[in-house]
Amino acid sequence: MHTCRYFDRAGAHIIGVIEKTLRFTIQRVLIPKALEEWVNQTGSIKDFPGAQNTEENLLHYSCDILIPCAVEKVITSDNVNDIKAKIIVEGANCTMTPLAYEMLLKRNVLVIPDILVNSGSVCSSYFEWLKNMKHVSFGRLTFKI
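In what follows, the accompanying structure is described.

Reading the values: the criteria
Residues numbered from 1 in each chain as written. Predicted model: local features only at pLDDT ≥ 70, side-chain atom pairs only at ≥ 80, totals over all residues. Heavy atoms only, no water. Core = buried A, V, L, I, M, F, W, Y, C linked by side-chain atoms within 4.5 Å. Buried < 20%, exposed > 50% of the residue type's maximum accessible area, 1.4 Å probe, protein only. Helix = DSSP H or I, 4+ residues; strand = E, 2+ residues; numbered from the N terminus. Pairing = 2+ DSSP bridges. Phe/Tyr/Trp six-rings, centres within 6.5 Å; stacked < 30°, edge-to-face > 60°. Polar contact = N/O pair within 3.5 Å; in protein donor to acceptor, adjacent residues only side chain to side chain.

## Examining the nonpolar core
Nonpolar side chains tend toward joint burial in soluble globular proteins. In this structure, Leu66, Ile75, Ile83, Ala85, Ile88, Met96 and Leu104 are the most contacted members of the largest nonpolar core, which totals 13 residues. Within the second largest apolar cluster, eleven residues are counted, among which are Cys4, Leu30, Ile45 and Phe48.

## Observations concerning the pairing of strand E2 (residues 22–26)
Burial within E2 is extensive, with four of its five residues counted as buried. The turn joining strand E1 (residues 16–19) and E2, which pair antiparallel and follow one another in sequence, is formed by two residues; a positive phi near 45° is taken by lysine 20. Relative to strand E3 (residues 51–53), E2 runs antiparallel, the two being bridged by three bridges. Paired with isoleucine 26 across the strands is alanine 51, a residue of E3.

## A closer look at unusual backbone geometry
The backbone phi angle of cysteine 94 is positive, close to 55°, even though this residue is not glycine. Within the secondary structure, cysteine 94 sits in the loop between strand E5 (87–89) and helix H3 (98–106). Given a relative accessible area of 39%, cysteine 94 falls into the partly exposed group. Backbone geometry places asparagine 108, a non-glycine residue, at a positive phi of 60°. Checked against the element boundaries, asparagine 108 lands in the loop between H3 and strand E6 (110–112).

## Looking at the pairing of E1
Here E1 runs beside E2; their pairing, made up of four bridges, is antiparallel. Note on E2: the bridge partner recorded for glutamate 19 is leucine 22.

## A closer look at the packing of aromatic side chains
Taken as a whole, this structure holds three aromatic pairs when the rule is applied. Plain terms: the ring middles of tyrosine 126 and tryptophan 129 are 6.0 Å apart, the flat faces sit at 35° to each other, and that makes the pair tilted. Taken as a pair, tyrosine 126 and tryptophan 129 lie in helix H5 (residues 119–133) at a separation of three residues, close to a single helical turn. Assessed through its relative accessible area of 42%, tyrosine 126 is described here as partly exposed. Judged by its relative accessible area of 49%, tryptophan 129 is partly exposed.

## With respect to the side chain of serine 44
Among the structural elements, serine 44 can be located in the loop between helix H2 (32–42) and E3. Accessibility expressed as a relative area gives 14% for serine 44, which makes it buried. At 3.0 Å, the side chain of serine 44 forms a polar contact with the side chain of glutamate 19.

## Section: the sheet that holds strand E4 (residues 65–66)
What the three strands build is an open sheet, ordered E4-E5-E6; its pairing is parallel. With one partner strand each, in any of the chains shown, E4 and E6 form the two edges of the open sheet. Of the pairings in the sheet, the one linking E4 to E5 comprises two bridges and is parallel in character. Looking at E5, one finds that leucine 66 is bridged to isoleucine 88.

## Description of the environment of lysine 106
Positionally, lysine 106 belongs in helix H3. Classification of lysine 106 by relative accessible area gives exposed; the value is 73%. Between the alpha carbons of lysine 106 and arginine 5 there is a distance of 31 Å; along the sequence they are 101 residues apart.

Rendered as structure tokens:
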């Protein structure tokens with residue numbers, strides 16, 4: 001949801017959303033806040049108003065930017081040739097296999113790796129862990145001695 005909001009603010013047109021086993025496409029402009037409210041009310045993207053449920057693999061849709069999130073190894077050597085995106089942003093750890101990565105590079109697809117995309121959360125997790133190990137209260141940056 002957060003990624004949708006940021007891309008929407010930057011003027012991107014979101015053409016599809018995948019949630020575990022459900023997926024939908026949207027012909028009009030997706031309003032991320034409306035989708036987030038729908039998910040909070042219903043617990044799923046299922047039957048989101050204005051969306052068309054599909055059985056198609058949205059990873060294979062023609063788009064400028066593909067952002068696979070939350071699932072490892074969704075792009076493999078078996079499906080990499082069906083990927084039509086010009087840019088892939090790894091929104092989860094290890095969204096593609098090493099062989100798929102090499103194949104995308106040979107096709108001049110820009111891949112922004114997970115270590116760069118998720119670096120903020122990794123740094124945040126490290127500082128949280130460090131503070132917990134040193135018994136530092138939430139919101140404080142100094143250690144107890």
